Amino acid sequence: MDRRSFMKLTAIGGGAVFMSGLYGHAPAAAAGNTPAPYDDFYFVQLSDVHWGYSGGANPDALNTFRKAVATVNALEVQPDFIIFTGDLTHTTDDPKERRQRMAAFKEIAAGLKVKSVRFIPGEHDASLDNGAAFKENFGPSNYTFEHKGVHFIALDNVSDPGARIGDTQLEWLKNDLDKQAKDARIVVFTHRPLFDLVPKWDWATRDGDKAIALLMPYSNVTVFYGHIHQEHHHMTGRIAHHAAKSLIFPLPAPGSQEKRTPLPWDPALPNKGLGFREVEAQAGNDYKLTEFPVTRT
Amino acid sequence: MDRARRQLCARLACGFGALLTVAAIDAQGFRKIAGKERIIAIEARKFVYTPNEITVKKDETVVLAFTAVDFIHGFFIPDMNIRADLKPGQVTEVRLTPGKAGEYAFLCDNFCGSGHEEMNGKIIVTE
């Protein structure tokens, strides 16, 4: 049974299977376009695992990621692929320890039933060694791939500790986009937001405006990112940007307080504010987002 | 150069040296030179600026003189759109003249480690 058939069945059955999820819609970027035929699929976005973190913001840090893996594995229909949008590990100055944390992270991620799993780095993984350990473990930090009519682009805006995409990568992006039709379906994965969300919290990409300028001529672009440890939605022109929840601790709403300190762990509601999302590709440039908690029990 | 000119140069050099000795570094690292821009020495170290609160008067021109100890830290005042990379082994000067009273947050915007998120401070501009 494919995803579309399954969703029809759940609709008939009252959608009880997905009752624990919260639903949202990524707005169609090109309103008025005739819906194009599309190949039904969905992927799962996990973000900001920070493996190796220990502290009061998540006393259950050793288990949270494993619980999320179990929850993804228990989804009734498995996703076509899974993307981790950075901060796989919590940073350390020790290169050996960094690699040990990445090895431990990989071992747990290997427990995912879906074997098509992709990764991009976060600043905690890559900024202290310009992405060296990340690349050793996960390959290139920027890449593209095609999946069922959608062109996916992974952008690295963290291997430079100053949060620059950099001229070389921007040129690479331009060359890649030059090969795409202006109405191609394009999805971009980054760690940091490409736009200035809260610069005083370092929630920005120093040359993100250049990437947005390159993407802007394309009518069907959607960006999924991490870094800010919460669900967030924003438009720059016709480009939709969607931030994902974290699997370590939630952070405050953008700009809501002086410092971006983690929200305190609530023993009465463990894992509050943590989770992952499903992204279901629909007709046109519409993406149905479903937020899931770490555990569904 | 004749002897008289050499003596004149020597006197000028002594006078200039005397002017420099007027400069004093106070407890907060502020170097004050009469009639000149105030220079504020700031150390950037994982994961703190010392000092991390700078008070200046509106319309006063100050020079922030950064010494980074252990990393290429960043210095960024978003509300003033002023930023600099602070390279170890050199003094990085940032000159500013705030035109409006208030508090202006600054932060390290080069990711420098597990305490990076706490590396920040503020500039207090008084009337």
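Residues numbered from 1 in each chain as written. Chains lettered and ligands numbered in written order. Predicted model: local features only at pLDDT ≥ 70, side-chain atom pairs only at ≥ 80, totals over all residues. Heavy atoms only, no water.

**Some points on the overall build of chain B**
Reasoning step 1: Helix and strand counts for chain B stand at 1 helix and 11 strands.
Reasoning step 2: Listing the helices and strands of chain B from first to last along the sequence gives α-β-β-β-β-β-β-β-β-β-β-β.
Reasoning step 3: For chain B, the residues scored as buried account for 39% of the 127 residues in total.
Reasoning step 4: Long-range contacts, defined here as pairs at least 24 residues apart, represent 57% of the contacts in chain B between residues at least 6 apart.
Reasoning step 5: Surface summary for chain B: the accessible area is close to 7100 Å², and the carbon and sulfur share equals 54%. (Helix = DSSP H or I, 4+ residues; strand = E, 2+ residues; numbered from the N terminus. Buried < 20%, exposed > 50% of the residue type's maximum accessible area, 1.4 Å probe, protein only. Contact = heavy atoms within 4.5 Å. Areas by Shrake-Rupley, 256 points an atom, 1.4 Å probe, with all protein chains shown as cover.)

**Thoughts on the packing of aromatic side chains**
All names here are of chain A.
Reasoning step 1: This model, assessed by the stated rule, comprises 29 aromatic pairs over all chains.
Reasoning step 2: On the basis of an interplanar angle of 5 degrees and a centroid distance of 4.8 Å, the ring pair of Phe145 and Phe152 is categorised as stacked.
Reasoning step 3: Owing to a relative accessible area of 0%, Phe152 belongs among the buried residues under this scheme.
Reasoning step 4: Members of the aromatic cluster, joined through ring pairs, are Phe41, Phe43, Phe81, Tyr143, Phe145, Phe152, Phe189, Phe224 and Tyr287.
Reasoning step 5: A cation over an aromatic ring shows up here: Lys106 above the ring of Phe138, its NZ or CZ 5.6 Å from the ring centre.
Reasoning step 6: One Lys or Arg, Arg118, reaches over the ring of Phe145 and ends 3.6 Å from the middle of that ring. (Phe/Tyr/Trp six-rings, centres within 6.5 Å; stacked < 30°, edge-to-face > 60°. Lys NZ or Arg CZ within 6 Å of the ring centre and 35° of its normal.)

**Brief notes about the pattern of salt bridges**
Side-chain pairing between opposite charges can occur once the charged atoms of the two side chains come close.
Residue and element names in this part refer to chain B.
Reasoning step 1: Taken as a whole and assessed by the stated rule, the structure comprises 20 salt bridges over all chains.
Reasoning step 2: For Arg83, the salt bridge is made with Asp85, and the minimal N-O distance between the two is 3.1 Å.
Reasoning step 3: Among the residues examined, Arg83 registers a relative accessible area of 29% and is labelled partly exposed.
Reasoning step 4: Given a relative accessible area of 27%, Asp85 falls into the partly exposed group. (Salt bridge = Lys/Arg side-chain N within 4 Å of Asp/Glu carboxyl O.)

**Some thoughts on the pairing of strand β10 (residues 239-243) of chain A**
All names here are of chain A.
Reasoning step 1: Among the 5 residues in β10, 5 count as buried, and that is most of the element.
Reasoning step 2: The side-chain alternation of β10 yields two buried faces, one formed by Ile239, His241 and Ala243 and the other by Ala240 and His242.
Reasoning step 3: Across 4 bridges, strand β8 (residues 220-225) lies against β10 in parallel orientation. Residue pairing for β10: Val223 is matched across the bridge by His241.
Reasoning step 4: Relative to β10, strand β9 (residues 232-236) runs antiparallel, the two being bridged by 5 bridges. Directly across from His232, in β10, lies its bridge partner Ala243.
Reasoning step 5: In this structure, the hairpin formed by β9 and β10 is closed by a connection of 2 residues, where Gly237 is found at a positive phi of approximately 60 degrees. (Pairing = 2+ DSSP bridges.)

**Re the interface of chain B and chain A**
Reasoning step 1: Tallying the contact residues gives 17 residues for chain B and 17 residues for chain A.
Reasoning step 2: Between chain B and chain A, a total of about 1400 Å² is buried, with carbon and sulfur atoms accounting for 53% of that surface.
Reasoning step 3: Of all residues in chain B, the largest losses of buried area upon contact with chain A belong to Leu107, Phe111 and Glu117 of chain B, amounting jointly to 38% of the total for that side.
Reasoning step 4: Joining chain B to chain A, the criterion identifies 3 salt bridges.
Reasoning step 5: One salt bridge connects Asp93 of chain A with Lys46 of chain B, and the closest N-O pair in it is separated by 3.6 Å. (Buried area = accessible area lost by both parts, 1.4 Å probe.)

**Looking at helix α3 (residues 95-109) of chain A**
All names here are of chain A.
Reasoning step 1: The terminal C-alpha atoms of α3 lie 21 Å apart, and with 15 residues this matches the ideal 21 Å at 1.5 Å per residue to within 8%.
Reasoning step 2: Among all positions of α3, only Arg98, Arg101, Met102, Phe105, Ile108 and Ala109 are buried. Considered in projection along α3, the buried side chains sweep an arc of 125 degrees and stay on one side of the axis. Structural note: α3 exposes Lys96 and Glu107 on the side pointing more than 90 degrees away from its buried face.
Reasoning step 3: Of the surrounding secondary structure, the elements contacted by the buried residues of α3 are α2 (61-73), β3 (81-85), β4 (117-120), α4 (123-126) and α5 (132-138).
Reasoning step 4: Where α3 begins, the capping side chain belongs to Asp94, and its oxygen is found 2.9 Å from the backbone nitrogen of Lys96. (Expected span 1.5 Å × (residues − 1). Arc of directions from axis to C-beta. Polar contact = N/O pair within 3.5 Å; in protein donor to acceptor, adjacent residues only side chain to side chain.)

**Considering the sheet that holds β9 of chain A**
All names here are of chain A.
Reasoning step 1: Taken in spatial order, the 6 strands of this open sheet run β5-β6-β7-β8-β10-β9, and their pairing is mixed. Edge positions in the sheet fall to β5 (143-147) and β9, since each has one partner strand and no second. On average, adjacent strands in this sheet sit at an angle of 20 degrees to one another, irrespective of strand direction.
Reasoning step 2: Each of β5, β6 (150-154) and β7 (185-189) touches helix α6 (residues 167-178); the most contacted strand, β6, lies at about 175 degrees to it.
Reasoning step 3: Running at roughly 135 degrees to β10, helix α7 (residues 208-215) makes contact with β7, β8, β9 and β10 of the sheet. (Axes fitted to C-alpha atoms, helices over the stretch in contact; angles between N-to-C directions.)

**Considerations on unusual backbone geometry**
Reasoning step 1: Omega for the bond connecting Lys46 of chain B with Phe47 of chain B falls within 30 degrees of zero, at 0 degrees, which places this linkage in the cis form.
Reasoning step 2: Here Phe47 of chain B lies in the loop between β3 (38-45) and β4 (48-50).
Reasoning step 3: The phi angle at Asp87 of chain A is positive, at roughly 50 degrees, despite the residue not being glycine.
Reasoning step 4: Here Asp87 of chain A is to be found in the loop between β3 and α3.
Reasoning step 5: Asp87 of chain A gets classed as buried once you look at its relative accessible area, which sits at 1%.
Reasoning step 6: The phi dihedral of Ala163 of chain A is positive, around 60 degrees, even though this residue is not glycine.

**Here's the deal with the confidence of the model for chain B**
All names here are of chain B.
Reasoning step 1: Scored by pLDDT, chain B has a mean of 82; 72% of the residues are at 70 or more.
Reasoning step 2: Residue range residues 8-29 is modelled with pLDDT below 50. Its contacts to residues more than four positions away, or to other chains, number 17 contacts.
Reasoning step 3: In the model output, the complex is listed with pTM 0.85 alongside ipTM 0.83. (pLDDT = per-residue confidence, 0-100.)

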